[in-house]
Amino acid sequence: SLLEFALQARTHKQGNAMAESKTSVSGHAVVNKEEWLKARIELLEAEKEASRARAKLALRRQQLPWISVKKEYTFVGKDGEVPFSSLFDEGKEDLVIYHMMYGSDWEKACSLCSFGCDVFQGSYPHFYPRANFAVVSTAPYGMCTRIHHMCNQFEHVGVIHIQVSHFSSSSSSPPVPSFLWLRSKCHAAISILLLATLKKFAESKGWTFPIYSVGHTTFNQDAGVTFTPEQIAAKDCTYNYNRTFSYGSEAPGLTVYRKEGGDIYHTYGTFSAGLAEILEVPALLDLTPTGRAEGGDKRNMWWIKHKEGY
């Protein structure tokens, strides 16, 4: 009858819909275990090939020629001003430096750089026993260095010493109220005082790895991650070796150094999208000349322990 035909058609349509819902979900095929395993093994072969290619690439990084670092840089950190060479602990020749985007007049660091540093914080207990690591930025380390840096831009301003209870100066300026004297001699200092310092920002994030200010040096400029107003005006901001950076004065990057016989060498650098590859300890070690030191009689990841076991 017509009613029976209609019921059969409806049942057939529902059956087709059910079959379709079982074979495709959000554009993905739904298959049985045997079919899934076949596809997974095919992908596994591609993953193994990619792993072999990554291992070859890491070896090429470690075999790159080196550049001798002749310039004497000083870094400002928790122990004050220190030479570049002091970033290398005794017995560890490799040093990885992350260049965090945090300008001298910024209220806080770049959010993406901060994300990377959060990842580094988790990796640091495992990475530090194998190689040195530090984060640098152009932001002043503490309030004293911030005011000193700003006041050096003005004539007739002495070194400013900040104390908890008051301001004082080593020049012949009036001792009280020295804040008013500071305002008259260094107009930018008032607003700068309200900005966070590198030290306080790192403390707010809970970071325990070494962090330094290099804003008083050309270290970041030489690394190709900080650009002068003249470079920006001339559109001459070379970034990532053969590109032009057009997004301001600060860019992210990571550079690697080696200390041999008292001399320091630049061995590697990565920027832009290349930074996505470094957010784990093995990848960081792969960037150093020593690498992971695996293979032979040492199994993969032999060096990893519980962090309290180092």
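What comes next concerns the included structure. (Residues numbered from 1 in each chain as written. Predicted model: local features only at pLDDT ≥ 70, side-chain atom pairs only at ≥ 80, totals over all residues. Heavy atoms only, no water.)

**A word on helix H2 (residues 33–62)**
Each α-helix turn comprises 3.6 residues. Residues three or four places apart therefore point the same way.
So, step 1. Helix length check: H2, at 30 residues, gives a terminal C-alpha distance of 42 Å against a target of 44 Å (1.5 Å per residue), a fit within 8%.
So, step 2. Between the side-chain oxygen of the N-cap and the backbone nitrogen of glutamate 34 there are 3.2 Å, and the N-cap of H2 in question is asparagine 32. (Helix = DSSP H or I, 4+ residues; strand = E, 2+ residues; numbered from the N terminus. Expected span 1.5 Å × (residues − 1). Polar contact = N/O pair within 3.5 Å; in protein donor to acceptor, adjacent residues only side chain to side chain.)

**A look at the packing of aromatic side chains**
So, step 1. With the rule as written, the count across this model stands at 25 aromatic pairs.
So, step 2. With a centroid separation of 5.4 Å and an interplanar angle of 65°, the aromatic rings of phenylalanine 84 and phenylalanine 219 are classed as edge-to-face. Linking phenylalanine 84 in the loop between strand E5 (80–83) and strand E6 (94–99) with phenylalanine 219 in helix H8 (residues 219–223), this pair joins segments that are 135 residues apart in sequence. In this structure, phenylalanine 84 and phenylalanine 219 share a single accessibility class: buried.
So, step 3. Site record: aromatic cluster; members linked through ring pairs are Tyr98, Tyr102, Phe120, Tyr124, Phe127, Tyr128, Phe133, Phe201, Trp207 and Phe209.
So, step 4. For the cation-ring pair, lysine 92 lies above tyrosine 128, with the distance from its terminal atom to the ring centre recorded as 3.1 Å. (Phe/Tyr/Trp six-rings, centres within 6.5 Å; stacked < 30°, edge-to-face > 60°. Buried < 20%, exposed > 50% of the residue type's maximum accessible area, 1.4 Å probe, protein only. Lys NZ or Arg CZ within 6 Å of the ring centre and 35° of its normal.)

**Overview of the side chain of threonine 226**
So, step 1. By the secondary structure assignment, threonine 226 is in the loop between H8 and helix H9 (229–233).
So, step 2. Judged by relative accessible area, which is 9%, threonine 226 ranks as buried.
So, step 3. Here the side chain of threonine 226 touches asparagine 220 through a polar contact of 3.4 Å, side chain to side chain.
So, step 4. For threonine 226, the contacting residues outside a window of four places in its chain are Thr138, Asn220, Gln221, Gln231, Ser249 and Glu250. (Contact = heavy atoms within 4.5 Å.)

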